[in-house]
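Take a look at the letters that make up each chain.
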Amino acid sequence: MTTKNNPIVALIYDFDGTLSPKNMQEFSFIKALNMDENEFWAKTDKMSVSNDASGILCYMKLMLDEARSRGLSLRRESFTKFGNEVELFKGVKEWFGLINTYGKEKGLDIRHYINSSGLKEMIEGTEIAKEFEKIYACSFLYNVDGVAEWPAVAVDYTTKTQFLFKINKGIESVSDNKKINEYVPEQDRPVPFSQMIYFGDGETDIPCMKMVKQNGGHSIAVYKPRDENKKKRAQKLILDNRVNFVCPADYSVDKDIYRVVKTIIDKIKSDYEFDLLQKSHLGNAKKMIDKG
């Protein structure tokens, strides 16, 4: 049974290519523009290169520009509706309930987070949005008429690492730049890196996956099943010592990723109990010495 005092285990996911087989814009948004997905990303790359600009900011600007030019709604609810049509990898819908139940049986508080360069408004439209403690992702600013007009948050590979520290320190606000830089002793941080599991597939995830791994947590590189090129790229990450595990993105019961995460949860629980035991013995020894 879980209580407020149970250790928190944070499962942190990229979205595109990790929980979903394609970029979220490709399912319905780009189709609504009457554009080919390759054309959309080629225009994004051209804008980025020619202006020496962030690729993330460029894709967000292109979304706004192309939607305006075609009379497509730029309201939050419109982006959310597009998100409702995003497809997920096999087993994702059931995954959260399964892992939550397993964690509860182990006396752990399982919490799920998104850390994505995709669009928050679209993720909020997916059927799994309710499963997340917090969604860290790109988002737009909306004017008084509720129409998107400017990027509010742009998440690239360096921004993603910042969100790991927010989870580590228990800071939910994206705009808070004060608490994130305040010193907090490791033992007072609600989610130690050793109790994080990071799921990612692409280049924007590498710094996060490596950081979690180096700080005692566990990183899992996922790849689209039966895609040999993506499998090879994922395998290279484990050979380069950037991740702990490589798994196909099938989240069904008894598939590889399910077995790996259960084993990691078991280890986190054992390590936590070992640490408590060690602290207990250290405390007893200190009391004895202090008494003389």
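Just above, that's the structure.
For the structure given in this document, a descriptive report is provided here. (Residues numbered from 1 in each chain as written. Predicted model: local features only at pLDDT ≥ 70, side-chain atom pairs only at ≥ 80, totals over all residues. Heavy atoms only, no water.)

A few words now on the overall build of the protein. Check the secondary structure of the protein and you find ten helices and seven strands. Taken over the C-alpha atoms alone, the protein extends approximately 80 × 45 × 35 Å along its principal axes. Taking all 292 residues of the protein together, 46% fall into the buried category. The contacts of the protein with a sequence gap of at least 6 include a subset with a gap of at least 24, amounting to 62%. When the accessible surface of the protein is summed, it comes to about 15300 Å², and 49% of that surface belongs to carbon and sulfur atoms. (Helix = DSSP H or I, 4+ residues; strand = E, 2+ residues; numbered from the N terminus. Buried < 20%, exposed > 50% of the residue type's maximum accessible area, 1.4 Å probe, protein only. Contact = heavy atoms within 4.5 Å. Areas by Shrake-Rupley, 256 points an atom, 1.4 Å probe, with all protein chains shown as cover.)

The next subject is the packing of aromatic side chains. Throughout the structure, instances matching the rule amount to 14 aromatic pairs. Ring geometry for F29 and F79: centres 6.2 Å apart, planes at 35°, overall tilted. With a gap of 50 residues between them, F29 in helix α1 (residues 29-32) and F79 in helix α4 (residues 76-83) connect regions that are remote in the sequence. Exposure remark for F29: the relative accessible area of 0% places this residue in the buried category. The class of F79 is buried, set by a relative accessible area of 0%. Ring geometry for F40 versus W41: centroids 4.9 Å apart, planes at 90°, classification edge-to-face. Among the aromatic side chains, those forming a connected cluster through ring pairs are Y13, W95, F96, F132, F199, Y251 and Y258. (Phe/Tyr/Trp six-rings, centres within 6.5 Å; stacked < 30°, edge-to-face > 60°.)

With that settled, the discussion passes to the nonpolar core. Ranked by internal contacts, the top residues of the largest apolar core, which has 84 residues, are L11, F29, W95, L119, I197, I220 and V261. Residue contributions to this core peak at eight residues, all from helix α3 (residues 55-69). Residues in contact with V261, not counting those within four places in the same chain, are L11, W95, I99, I197, F199 and I220. (Core = buried A, V, L, I, M, F, W, Y, C linked by side-chain atoms within 4.5 Å.)

So, about the pairing of strand β1 (residues 8-13). Across the six residues of β1, six count as buried, placing the element largely inside the fold. Here β1 shows a buried face lined by I8, A10 and I12 and a second buried face lined by V9, L11 and Y13. Pairing of β1 with strand β2 (residues 109-119) involves six bridges; the strand directions are parallel. Bridge pairing in β2 places I8 opposite D109. Alignment of β1 against strand β5 (residues 196-200), held across four bridges, turns out to be parallel. Residue pairing for β5: Y13 is matched across the bridge by F199. (Pairing = 2+ DSSP bridges.)

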